[in-house]
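Chain residues, written in single-letter form:
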Amino acid sequence: MELRATALQALLATDTDTKCALLSAIPDDVLVDCEKQFAVPVGIPGRPEKPELIAPGKVGRRSMVTVEGRAILVHALAHIEMNAINLAADILWRFAGMPEKFYRDWLKVAKEEAYHFQLLEAHLRTMGYHYGAFPAHNSLWEMAEKTTDDLLARLALVPRTLEARGLDVTPGLSAKLAQAGDREGADILLIIYRDEIGHVAIGNYWYQSLCDAQGIDTITTYSRLAAQYQAPKLRGPFNLDARKEAGFSEAELQALEV
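Quick look at the structure, then. (Residues numbered from 1 in each chain as written. Predicted model: local features only at pLDDT ≥ 70, side-chain atom pairs only at ≥ 80, totals over all residues. Heavy atoms only, no water.)

### Points about the packing of aromatic side chains
Aromatic ring pairs are defined here through the distance separating the ring centres and the angle between the ring planes. Going by this rule: For Phe, Tyr and Trp, rings pair up if their centres lie within 6.5 Å, where Trp contributes its six-membered ring, and each pair is then called stacked (planes under 30 degrees apart), edge-to-face (over 60) or tilted (otherwise). Lysine NZ or arginine CZ positioned within 6 Å of the ring centre and within 35 degrees of the ring normal marks a charge as sitting over the ring.
Enumeration over the complete set of coordinates arrives at 7 aromatic pairs. Lying over the aromatic face of Y205, K101 brings its terminal NZ or CZ to 5.3 Å of the ring centre. Across from the ring centre of F248, 5.4 Å away, lies the NZ or CZ of R243, which sits over that ring.

This is the structure:
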């Protein structure tokens, strides 16, 4: 077994159980070929026929009052985690020439994202639904497609932008589920929140490392990449404590408020 080839195999898997199992079974000390260049295969990312992918504004309302409303929320979060699995698998195989630590860091992320998806999917079933029961949007993966040839942009705009947004909103979503009586769902979100701080920290570490290696400023470079790739505008309120724990500098946190 080789890490990056197995990550690509998992990325191409269309069955969610298979995808999660492939990643979960990779040993932490697996062989890593850091330099191998892969031909780009068709079928990226592998995904099941459902959920149907629709525009973000058309996704169902996530009311906390009914079981179905809460299930729509849990389903949306499961879909985010499935995208996060694919994103971690994609960064592993696609970008050659990085230090071995880079690939081991993203293996950890991939395994934890698979665990998060399995937690949410299992909880969804206790609510009488399953992954694919509701439509979902594809915004997270669309940014991955924009940054297939630019690792610095991928790091800036996926973990440090789209995934970091989860640090801002997840505690509030957990509290709403708890208030609605879904203690199990609330606890799952707290597990995800804890792990996602580490995931964003990994993104920050490697973004900073690449910026340092190129002798460029993290803040001005971020602004340039966000404009170049049409990243969504960052909107508060921001969870500054969690973002600081995830490795954002004081200057970067101040720039959020501008």
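### A look at the pattern of salt bridges
Rules: The rule for a salt bridge is simple: a side-chain nitrogen of Lys or Arg has to be within 4 Å of a carboxyl oxygen of Asp or Glu. Every helix listed is a DSSP run of H or I at least four residues long, and every strand listed is a run of E at least two residues long, numbered separately from the N terminus. Categorising residues by exposure relies on relative accessible area from a 1.4 Å probe, with only protein chains included: less than 20% of the type maximum marks a residue as buried, more than 50% marks it as exposed, and the intermediate range marks it as partly exposed.
This structure, assessed with the given rule, holds 13 salt bridges. Here E100 ties to R104 by a salt bridge, and the two come within 2.8 Å at their closest N and O atoms. Within this pair, E100 and its partner R104 are both found in helix 4 (residues 100-126), separated by 4 residues, close to a single helical turn. Assessed through its relative accessible area of 24%, R104 is described here as partly exposed. We note a salt bridge from D195 to R194, for which the minimum N-O separation is 2.9 Å. Assessed through its relative accessible area of 9%, D195 is described here as buried. Through salt bridges with shared partners, a single ionic network connects D90, R94 and R154.

### Looking at the side chain of E163
Here is the rule: A residue counts as positive if it is Lys or Arg and as negative if it is Asp or Glu; His and the chain ends are not included. The contact criterion used throughout is that any non-hydrogen atoms of two residues lie within 4.5 Å.
Mapping E163 onto the fold places it in helix 6 (residues 151-179). For the buried E163, no salt bridge is present, and the opposite-charge side chain at shortest range is R154, 9.0 Å distant. Among residues more than four places away in sequence, those in contact with E163 are A84, E113, V158, E196 and V200.

### Things to note about unusual backbone geometry
For residues besides glycine, phi is generally negative; the peptide bonds are generally trans as well. Going from I44 to P45, the amide bond is cis rather than trans, its omega being -5°. Mapped onto the fold, P45 is located in the loop between helix 2 (16-24) and helix 3 (67-94). Across the junction of K50 and P51, the peptide omega takes the value 10°, indicating a cis bond. Mapped onto the secondary structure, P51 falls in the loop between helix 2 and helix 3. Phi is positive for Q230, close to 55°, though the residue is something other than glycine. With respect to the secondary-structure elements, Q230 resides in the loop between helix 8 (218-228) and helix 9 (240-245). Given a relative accessible area of 63%, Q230 falls into the exposed group.

### What about the layout of surface pockets?
Just so we agree on the cut-off: With a 1 Å grid laid over protein atoms only, a set of points is called a cavity when a 1.4 Å probe fits there but cannot get out and a pocket when it is open yet has protein on both sides within 12 Å along at least five of seven lines; lining residues have an atom within 4 Å of a point. Grid points are joined across faces, edges and corners, and a volume is the space filled by probe spheres set on the points. Gly counts as polar in this scheme, as do all residues outside two lists: the nonpolar Ala, Val, Leu, Ile, Met, Phe, Trp, Tyr, Cys and Pro, and the charged Asp, Glu, Lys and Arg.
Roughly 860 Å³ of internal volume is contained in the largest pocket. Lining the largest pocket are 31 residues, and of these I80, L162, R165, G166 and V169 sit closest to its centre. Broken down by element, the residue count for the lining of the largest pocket peaks at 10 residues, all from helix 6. Classifying every residue of the lining of the largest pocket gives 15 nonpolar, 7 polar and 9 charged. By volume, the second largest pocket is sized at about 390 Å³. Looking at the second largest pocket, it is lined by 18 residues, and the ones nearest its centre are Y222, S223, L234, A255 and L256. When residues of the lining of the second largest pocket are traced back to their parent elements, those giving at least two are helix 8 and helix 10 (250-256). Per-element accounting of the lining of the second largest pocket gives the leading share, 6 residues, to helix 8.

### Quick look at empty space enclosed by the protein
Tallied over the entire structure, the rule returns 2 cavities of 30 Å³ or more. Volume-wise, the largest cavity comes out at about 80 Å³. The wall of the largest cavity is formed by A84, L87, A88, I91, W106, V109, R154, V158, P159 and E163. When the residues that make up the lining of the largest cavity are grouped by side-chain class, the tally is 8 nonpolar, no polar and 2 charged. Taken together, R47, P48, K50, P51, L53, H79, M82, N83, N86 and Y131 form the lining of the second largest cavity. Considered class by class, the residues forming the lining of the second largest cavity number 5 nonpolar, 3 polar and 2 charged.

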